[in-house]
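Listed below, chain by chain, are the residues.
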Amino acid sequence: MSFTIEYLECVLLVFVRISLILAIAPFFSNVNIPRKIKIVISFFLTLIIINTVDYTSVTYDGAVGYGILVLKEAITGALIGTGSGICLYILNFSGNMVDMDIGLAMAQEFDPMTNVNATLTTNFFTAVFMLMFLVSDMHYYVLDAVMDSYKMIPIGEAKIDGSLLKVMISYITDYFVIGFRIILPIFSCILVINIVLGILAKVAPQINMFVVGMQLKILVGFILLFFMLSLLSGVVDFLFKEMQTVTNQLMQLMSS
């Protein structure tokens, strides 16, 4: 086999996009997976994809033109990876809001998946999501998205313009709307408890409402989380559909 400089340059372009997608997408971005393994997976996917795409049509002018192509491929991979990772961001937001309501916001622990401190409910939601993510074979969807991205967006032909702003605004809107919909049962019950405690504080000021309220919120919060377990499968399934929608929208806008 003979390798040309043009072939190796196209291999690098494909490798940049794939590595950025896997660096941000759920499961593949897990810090527990060694970086060498991620590089090997990206490299073998590159070898598979480079032989299925038309890389002979890639043109550029000098080192500056090639650098622009590398940057475009990196941005394309980052956007596709961000679209597929919308689920984790929403669950992190929901978990933080739940712990703020029930009084566990300061009880944080190290999250090995994100390499930062996270609240207890956030880690719980993330663990449940990742289990369902693997059981439902959604990690194969990420690999399919990698393959489909080259059918919709050929190498170096991604169109990055103002149309992506609409998708990002929709993404931010869904981030808050879906996040609040997940925590709405807990938020409503805690709001009622706060109203009741406020009334009791006026009726019986001798009672220490701070001590009573803190314990009551944690107890009610755990009970509500227990009943929410049966609803998490539906929530995760909805998040999977949202992930597919956002990813498809991003790829369609960059290909149009």
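These figures come from a predicted structure and were not determined experimentally.

Reading the values: the criteria
- Residues numbered from 1 in each chain as written.
- Predicted model: local features only at pLDDT ≥ 70, side-chain atom pairs only at ≥ 80, totals over all residues.
- Heavy atoms only, no water.
- Helix = DSSP H or I, 4+ residues; strand = E, 2+ residues; numbered from the N terminus.
- Rg over C-alpha atoms; globule rule 2.2 N^0.38 Å.
- Buried < 20%, exposed > 50% of the residue type's maximum accessible area, 1.4 Å probe, protein only.
- Contact = heavy atoms within 4.5 Å.
- Areas by Shrake-Rupley, 256 points an atom, 1.4 Å probe, with all protein chains shown as cover.
- Lys, Arg positive; Asp, Glu negative; His and termini not counted.
- Charge placed at Lys NZ, Arg CZ, Asp CG, Glu CD.
- pLDDT = per-residue confidence, 0-100.
- 1 Å grid on protein atoms, 1.4 Å probe; cavity = no way out; pocket = protein on both sides within 12 Å on 5 of 7 lines; lining within 4 Å.
- Points joined across faces, edges and corners; volume = space filled by probe spheres on them.
- Nonpolar A, V, L, I, M, F, W, Y, C, P; charged D, E, K, R; others polar.
- Salt bridge = Lys/Arg side-chain N within 4 Å of Asp/Glu carboxyl O.
- Core = buried A, V, L, I, M, F, W, Y, C linked by side-chain atoms within 4.5 Å.
- Axes fitted to C-alpha atoms, helices over the stretch in contact; angles between N-to-C directions.
- Parallel < 35°, antiparallel > 145°, perpendicular 65-115°, else oblique.
- Left-handed = near helix turned anticlockwise from the far one by under 90°.

1. Details of the overall build of the protein chain
From N to C terminus, the protein chain includes eight helices and two strands. Overall, the protein chain shows an N-to-C arrangement of helices and strands of α-α-α-α-β-β-α-α-α-α. Radius of gyration (C-alpha) of the protein chain: 23 Å, far over the 18 Å computed for a compact globule of 256 residues. On the principal axes, the C-alpha backbone points of the protein chain span a range of 85 × 35 × 30 Å. Relative to its 256 residues, the protein chain shows a buried fraction of 41%. The contacts of the protein chain with a sequence gap of at least 6 include a subset with a gap of at least 24, amounting to 81%. Of the accessible surface of the protein chain, which amounts to about 13900 Å², a share of 70% is contributed by carbon and sulfur atoms. Charge centroids of the protein chain, computed over 12 positive and 17 negative side chains, lie 7 Å from each other.

2. What about the confidence of the model for the protein chain?
The share of residues in the protein chain with pLDDT of 70 or more is 96%, and the mean pLDDT across the chain is 83. Looking across the protein chain, the model is least confident in strand 1 (residues 108–111), with a mean pLDDT of 74, and most confident in helix 2 (residues 35–50), with 88.

3. Considerations on the layout of surface pockets
Quantified by volume, the second largest pocket comes out at close to 190 Å³. In terms of lining residues, the second largest pocket is bounded by Ile 178, Arg 181, Ile 182, Pro 185, Met 228, Leu 231, Leu 232, Gly 234, Val 235, Phe 238 and Leu 239. When residues in the lining of the second largest pocket are grouped by element, the largest group, seven residues, is from helix 8 (residues 209–255). Taken together, the residues of the lining of the second largest pocket sort by class into nine nonpolar, one polar and one charged.

4. Things to note about unusual backbone geometry
Peptide bonds are mostly trans, and most non-glycine residues show a negative phi. Its identity as a non-glycine residue notwithstanding, Phe 27 has a phi of 70°, on the positive side. Among the secondary structure elements, Phe 27 is positioned in the loop between helix 1 (5–24) and helix 2. For Phe 27, a relative accessible area of 26% gives the class partly exposed. The phi dihedral of Asp 137 is positive, around 60°, even though this residue is not glycine. Locating Asp 137 in the fold gives a position in the loop between helix 5 (120–135) and helix 6 (138–152).

5. Notes on the pattern of salt bridges
All chains considered together, the criterion is met by two salt bridges. In this structure, Arg 17 and Glu 73 form a salt bridge, with 2.8 Å as the shortest nitrogen-oxygen distance. Of the two residues, Arg 17 is situated in helix 1 and Glu 73 in helix 3 (residues 62–84); the sequence distance between them amounts to 56 residues.

6. Some points on the nonpolar core
Residues Ile 18, Phe 129 and Ile 186 are the most contacted members of the largest nonpolar core, which totals 66 residues. For this core, the secondary structure elements donating two or more residues are helix 1, helix 2, helix 3, helix 4 (86–102), helix 5, helix 6, helix 7 (163–203) and helix 8. Ranked by the residues each element gives to this core, the list is headed by helix 8, at 14 residues.

7. Details of the environment of Phe 238
Position of Phe 238 among the secondary structure elements: in helix 8. The partly exposed category is assigned to Phe 238, whose relative accessible area is 34%. Note: C-alpha distance between Phe 238 and Asp 54 (184 residues apart in sequence) is 36 Å. If we ignore the near neighbours within four places in the chain, the residues touching Phe 238 are Ile 178 and Arg 181.

8. A short note on the packing of helix 1 against helix 3
As a packed pair, helix 1 and helix 3 sit with axes 7 Å apart at the nearest point and diverge in direction by 25°. As judged from the angle between their axes, helix 1 and helix 3 are roughly parallel. The interaxial crossing formed by helix 1 with helix 3 has right-handed handedness. Here Glu 9, Leu 12, Leu 13, Val 16, Arg 17, Leu 20, Ile 21 and Ile 24 of helix 1 come into contact with helix 3, specifically with Tyr 66, Leu 69, Val 70, Glu 73, Ala 74, Thr 76, Gly 77, Ala 78, Ile 80, Gly 81 and Thr 82. Grouping the constituent residues of the contact of helix 1 with helix 3 by class yields 12 nonpolar, four polar and three charged.

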